[in-house]
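Geometric and topological summary
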Amino acid sequence: MHKPTLLEIFNHPKTQKYIQRSGVVHAIASSYHAFKIAQRFGVDPEMACKAALLHDIGHYTWYRDGEWDFELYKANDIHAIKGAERAHKILIELGEKRESAKEISLAILLHTDSYLPQGSLHLSPLQKVVKLADEADEEPNGNHHYRTIAHDKAVELILKLDNKIQESKGETTFQQTS
């Protein structure tokens, strides 16, 4: 079974469609945070980075009278549920092991408690890493979703993170071919 790289995941047409809504910069920044936090928690950095990259692909844009309405979003959003489903499909299509795809998807599902009733959950280490990575890049009123980056710069940063992941596992690094 093929283990897709972050770059393969990022380049998938469905990822490209949905990551634009949630913010490419936020996805990449969260992935870098996840890499560092995963090392502290003893979590597989590859799994953490994949979950962090995809954690917000379930976002829907909430507008009222043509304006972004953060309060409407907070009151009605279920992006983690939708994102977990989308991520699972993308990962399976790319050949990720089913067990890994499920674990990554569950981390996406539980990266926020904004849609859950009051209470607390017991998070697995991977789930906690993704939650912390997301929180490390948050800005007031959801502004972290609106930073922009050129596509080629995004690819460069993702390839660099793919290389860091491989180096952390003692494997050879990737070279960009295009």
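Throughout this document, residue positions are counted from 1 along each chain, in the order its sequence is written. pLDDT decides what is reported in this predicted model: residues at 70 or higher carry local features, side-chain atom pairs at 80 or more are listed and counted, and totals for whole chains, interfaces and linings draw on all residues regardless. Side-chain descriptors were evaluated using all non-hydrogen atoms of the structure, hydrogens and water having been removed beforehand.

1. As for the packing of aromatic side chains
Aromatic pairs are defined between Phe, Tyr and Trp rings, using the six-membered ring for Trp, whenever the two ring centres lie within 6.5 Å; interplanar angles under 30 degrees are classed as stacked, those over 60 as edge-to-face, and all others as tilted. For the structure on display, the rule yields zero aromatic pairs. The ring of Tyr 18 has Arg 86 sitting right over it, with the charged end atom 3.7 Å from the ring centre. Definition used: whenever NZ (Lys) or CZ (Arg) falls within 6 Å of the ring centre and also within 35 degrees of the ring normal, the charge is taken to sit over that ring.

2. Here's the deal with helix α7 (residues 98-109)
The end-to-end C-alpha distance of α7 is 16 Å, a good match for the 16 Å that twelve residues give at a rise of 1.5 Å each. Buried residues of α7: Ser 100, Ala 101, Ile 104, Ser 105, Ala 107 and Ile 108, and no others. Along the axis of α7, the buried positions cluster into a sector of 155 degrees, meaning they face one direction only. In α7, those exposed residues whose orientation departs by more than 90 degrees from the buried face are Arg 98, Glu 99 and Lys 102. Labels follow the DSSP assignment, with helices taken as runs of H or I lasting at least four residues and strands as runs of E lasting at least two, numbered in each case from the N terminus. Expected span, for any helix, means 1.5 Å times one less than how many residues it has. When accessible area is computed with a 1.4 Å probe and restricted to protein chains, residues below 20% of their type maximum are described as buried, those above 50% as exposed, and intermediate ones as partly exposed. Working definition: the arc comes from the directions between the helix axis and the C-beta atoms, pointing outward to the latter.

3. Topic: the confidence of the model for the protein
Per-residue confidence for the protein gives a mean pLDDT of 87; residues scoring 70 or more make up 89%. Mean pLDDT across the elements of the protein ranges from a minimum in strand β2 (residues 67-68), with 68, to a maximum in helix α1 (residues 6-11), with 98. A residue's pLDDT is the confidence the predictor assigns to it, expressed on a 0 to 100 scale.

4. Things to note about the packing of α7 against helix α8 (residues 125-136)
Only C-alpha atoms enter the line fits that serve as axes; for helices the fit covers just the stretch in contact. Angles between N-to-C directions range over 0 to 180 degrees. Where α7 contacts α8, the axes come no closer than 8 Å and their chain directions differ by 45 degrees. What the angle tells us is that α7 and α8 run oblique. Viewed along their axes, α7 and α8 form a crossing whose handedness is right-handed. Side by side, α7 and α8 meet where Glu 103, Ile 104, Leu 106 and Ala 107 of the first sit next to Leu 126, Gln 127 and Val 130 of the second. Amino acids outside the nonpolar list (Ala, Val, Leu, Ile, Met, Phe, Trp, Tyr, Cys, Pro) and the charged list (Asp, Glu, Lys, Arg) are all regarded as polar, and Gly is one of them. A class-by-class count of the residues in the contact of α7 with α8 yields five nonpolar, one polar and one charged. With respect to orientation, any angle under 35 degrees is reported as roughly parallel, any angle over 145 as roughly antiparallel, any angle of 65 to 115 as roughly perpendicular, and every other angle as oblique. Note: crossing handedness is left-handed where the near helix turns anticlockwise from the far helix by less than a right angle, and right-handed where it turns clockwise. Only heavy atoms matter for contacts: two residues are in contact if any of them lie within 4.5 Å across the pair.

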